[in-house]
Amino acid sequence: MKKAAAATPASVIDLRFGQVGLLQVRLREVDAPAIKAELAARIASAPQFFQHTGVCLDLSALEHPPEVATLRGIVEAIRLAGMITVGVSDASPTADQLAPALDLPVLAGFRQLSRPPAQLVRAAKAAAQPAPEAVSEPEPEIAPPPPTSGLVHTQPVRSGQRVYARERDLIVTAAVGAGAEVMADGCVHVYGTLRGRAMAGVRGDTNARLFCQEFRAELVAIAGVFRVFETLPEELAGHPVQAWLEGEALRFSRFGV
Amino acid sequence: MTEIIVVTSGKGGVGKTTTSASLACGLARTGKRVAVIDFDIGLRNLDLIMGCERRVVYDFVNVINGDCTLKQALIKDKRIDTLFVLAASQTRDKDALTAEGVRKVLDELIADGFDFILCDSPAGIEKGAHLAMYYADRAVVVVNPEVSSVRDSDRILGLLASKTERAEKGGTKVREHLLLTRYSPTRVAAGEMLSIADVKDILGLDVIGVIPESPQVLSASNAGTPVIMMDESDAAAAYGDAVARLLGDESLPMRFIDEPKKGFFARVFGG
Ligand SMILES: Nc1ncnc2c1ncn2[C@@H]1O[C@H](COP(=O)(O)OP(=O)(O)OP(=O)(O)O)[C@@H](O)[C@H]1O
Ligand SMILES: [Mg+2]
């Protein structure tokens, strides 16, 4: 049984801490009209991508803790943009006070929460005991370690399909069609034409990169920082390209030039 | 061995029914026993193109519901005696189809010794289209040389690889073929349409036939004659080639894919 919270045959729900796709909105200012205007402009480039998306508010970039009323205005601005605020990120020290006032939960860093409990147990045991003995005694409940090689996908990824490599790289040896999505916690490699969307480091790994043989992507994201390509830059279109994060900025370069 | 072939596309109006009718005739002309089924419940069309609309008594939904036997509902073609049509219901909606019902009809056709069963899919990716492809051994994906049609075909190819019985049971996958239709070499040359190479490249599949844009398609369907039966039509010859390739002839070169050479007068007077 590898389920996080084992269900009995009669149970009607499964409980698990899982990975869900949330848009992180980090506030730099608390000016609701300005936020609304900027959201509208940025969403216009990829409307379906944001429609009904859950939003996690990140207050950590603000110098002063905002007023509750101001935050309500911002939540409303986000709603008007077609998205739903579902929580406040724990990245800011004031989250614990502000979130309850907004009737929202505090959302903790996903990385720890999404790890299976057995691994946490093992980590704790390993820390508490001298290592050699702990290793020699097999732990029946230990989850297998995440695979180290990437997930290799040899079929074309067609429009409407999504392929996700959890806790590793994704290697696609065929084309990724327009309207298809390839995602990995690690790097994404496409040995074919990339016409759809590619997302690397989807659980926050800022070192993850995207590599593709023929770049025609609709959208590229790394650790949540994304760029939509309404028109393809001429210097990238059709070429082998890699993308990576430099601080907060997404960078692209062509191979072999 | 019966082969079940779905003719599908995602996008509407690209030429699925025209193609189903001509492929069915073309296969049956070689002596194979062929049944062609209209899955477009509520928008019955195939019987018109096949010219048997006035002979429809019972339809596909009637057979599924047990209102009649399969034999009573199969309409024998007047031109080719190994060809049979199973019409769609015009009065029901797509919910009248069920997976078990479709399976039952297919099994009965298989038991009857048909060589080919062609399933003319409705447009879209909803229930009717899903059931038309679900039991297929092969798929002919009909595509027009334009971006939206190619995009929808890519979506359909994804469903063929994941939402069919073969995909779900993990057996050999559905054999996929592309059929490019309404192809106009002049418009391709003018850059108004995608070329064969573009379509092949985007979808990563080989093309089993290229059917030119042809006014005869419309006159044939008005006459209730599948266009493949029209002598001296380019579209008929192109469908004939596609049938041969479907039956395994890989040596045929593609025809009607180059811009027609203009004659002297056309060149002088701008034709
Ligand atoms: N090669 C061709 N040249 C000219 N016209 C064509 C050609 N093929 C199809 N057409 C025309 O395109 C129209 C749509 O054809 P058809 O009904 O076969 O498409 P379909 O994909 O079955 O449509 P639906 O999605 O509604 O079922 C018809 O008017 C038909 O005459
Ligand atoms: Mg049709």
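Residues numbered from 1 in each chain as written. Chains lettered and ligands numbered in written order. Predicted model: local features only at pLDDT ≥ 70, side-chain atom pairs only at ≥ 80, totals over all residues. Heavy atoms only, no water.

A. Spotlight on the site of ligand 1. All names here are of chain B. Taken together, 16 residues lie near ligand 1, and Gly13, Lys16, Thr17, Thr18 and Ser214 sit nearest. Proline 212 is positioned such that a nitrogen or oxygen atom in its backbone is 3.1 Å from a nitrogen atom of ligand 1. When ligand 1 is considered free in solution it has 640 Å² of accessible area, and contact with the protein chains removes 80% of it. If you list the elements that add at least two residues to the shell around ligand 1, you get α1 (16-29), β7 (175-183) and β8 (207-212). In terms of residue count, α1 provides more of the shell around ligand 1 than any other element does, three residues in total. (Near = heavy atom within 4 Å. Polar contact = N/O pair within 3.5 Å; in protein donor to acceptor, adjacent residues only side chain to side chain. Areas by Shrake-Rupley, 256 points an atom, 1.4 Å probe, with all protein chains shown as cover. Helix = DSSP H or I, 4+ residues; strand = E, 2+ residues; numbered from the N terminus.)

B. Layout of helix α3 (residues 68-80) of chain A. Taking 1.5 Å as the rise per residue, α3(A) with 13 residues should run 18 Å; its terminal C-alpha atoms sit 19 Å apart, in good agreement. Positioned one or two residues after α3(A), A:Gly82 has a phi angle of 95 degrees, which is positive. (Expected span 1.5 Å × (residues − 1).)

C. Structural detail: the interface of chain A and chain B. In this complex, chain A contributes 11 residues to the contact, which on the side of chain B involves 11 residues. Between chain A and chain B, a total of about 860 Å² is buried, with carbon and sulfur atoms accounting for 37% of that surface. When the buried surface of chain A facing chain B is broken down by residue, A:Arg158, A:Ser159 and A:Arg195 rank first, second and third, together holding 60% of it. Inspection of the region where chain A meets chain B yields three salt bridges. A salt bridge links B:Arg151 to A:Glu218; the nearest nitrogen and oxygen atoms lie 3.8 Å apart. Linking chain A to chain B there are six residue pairs in polar contact (both at pLDDT 80 or more). (Contact = heavy atoms within 4.5 Å. Buried area = accessible area lost by both parts, 1.4 Å probe. Salt bridge = Lys/Arg side-chain N within 4 Å of Asp/Glu carboxyl O.)

D. View of empty space enclosed by the protein. Residues and elements named next belong to chain B. Under the counting rule described, the total for this entry stands at one cavity of 30 Å³ or more. Reported here for the largest cavity is a volume of approximately 30 Å³. Together, Gly209, Val210, Ala238, Asp241, Arg245, Met254 and Arg255 line the largest cavity. The dominant element in the lining of the largest cavity, judged by the number of residues it contributes, is helix α12 (residues 234-246), at three residues. (1 Å grid on protein atoms, 1.4 Å probe; cavity = no way out; pocket = protein on both sides within 12 Å on 5 of 7 lines; lining within 4 Å. Points joined across faces, edges and corners; volume = space filled by probe spheres on them.)

E. Geometry of the packing of aromatic side chains. As enumerated under the stated definition, the model contains seven aromatic pairs over all chains in all. Consider the rings of B:Tyr134 and B:Tyr135, whose centres lie 4.9 Å apart with planes at 85 degrees: the pair is edge-to-face. In this structure, B:Tyr134 and B:Tyr135 share a single accessibility class: buried. Grouping aromatic residues by their ring pairs yields a cluster made of A:Phe215, A:Phe229 and A:Phe252. Above the plane of the ring of B:Phe114 lies B:Arg33, whose end atom (NZ or CZ) is 4.2 Å from the centre. Positioned above the aromatic ring of B:Tyr135 is the side chain of B:Arg103, whose terminal nitrogen or guanidinium carbon lies 4.6 Å from the ring centre. (Phe/Tyr/Trp six-rings, centres within 6.5 Å; stacked < 30°, edge-to-face > 60°. Buried < 20%, exposed > 50% of the residue type's maximum accessible area, 1.4 Å probe, protein only. Lys NZ or Arg CZ within 6 Å of the ring centre and 35° of its normal.)

F. Structural view of the nonpolar core. All names here are of chain B. Counting 53 residues, the largest nonpolar core has Phe39, Phe60, Leu86, Val102, Leu109 and Leu160 as its most contacted members. Looking at this core element by element, the count peaks at five residues for helix α7 (residues 147-160). Leucine 160 has contacts with Val6, Met133, Ala139, Val141, Ala167, Val174 and Glu176, leaving out every residue within four places of it along the chain. (Core = buried A, V, L, I, M, F, W, Y, C linked by side-chain atoms within 4.5 Å.)

G. The arrangement of the sheet that holds strand β10 (residues 197-200) of chain A in detail. All names here are of chain A. Ordered by their spatial adjacency, five strands build an open sheet running β6-β8-β10-β12-β13, and the pairing between neighbours is mixed. Looking along the sheet, the strands with just one partner apiece sit at the ends: β6 (162-165) and β13 (225-228). Neighbour to neighbour, the strand axes of the sheet diverge by 5 degrees on average, direction disregarded. Both β10 and strand β12 (residues 219-222) contribute to a ladder of four bridges, which runs parallel. (Pairing = 2+ DSSP bridges. Axes fitted to C-alpha atoms, helices over the stretch in contact; angles between N-to-C directions.)

H. Here's a closer look at the sheet that holds strand β14 (residues 241-246) of chain A. All names here are of chain A. In spatial order, the strands read β5-β7-β9-β11-β14-β15; together these six strands make up an open sheet with mixed pairing. Single-partner strands in this sheet number two, and they are β5 (151-153) and β15 (249-254). Pairs of neighbouring strands in the sheet enclose a mean axial angle of 20 degrees, with direction left out of account.

I. Focus on the pairing of strand β2 (residues 34-38) of chain B. Residue and element names in this part refer to chain B. In terms of residue burial, β2 counts as a mostly covered element, since five of its five residues are buried. Judged by which residues are buried, β2 turns out to be covered on both faces: Val34, Val36 and Asp38 on one side and Ala35 and Ile37 on the other are all buried. Bridging between β2 and strand β4 (residues 83-86) involves four bridges; their strand directions are parallel. Bridge pairing links valine 34 to leucine 83 in β4. The sheet contact formed by β2 and strand β5 (residues 116-120) spans five bridges and is parallel. Looking across to β5, one finds that aspartate 38 is bridged to aspartate 120.

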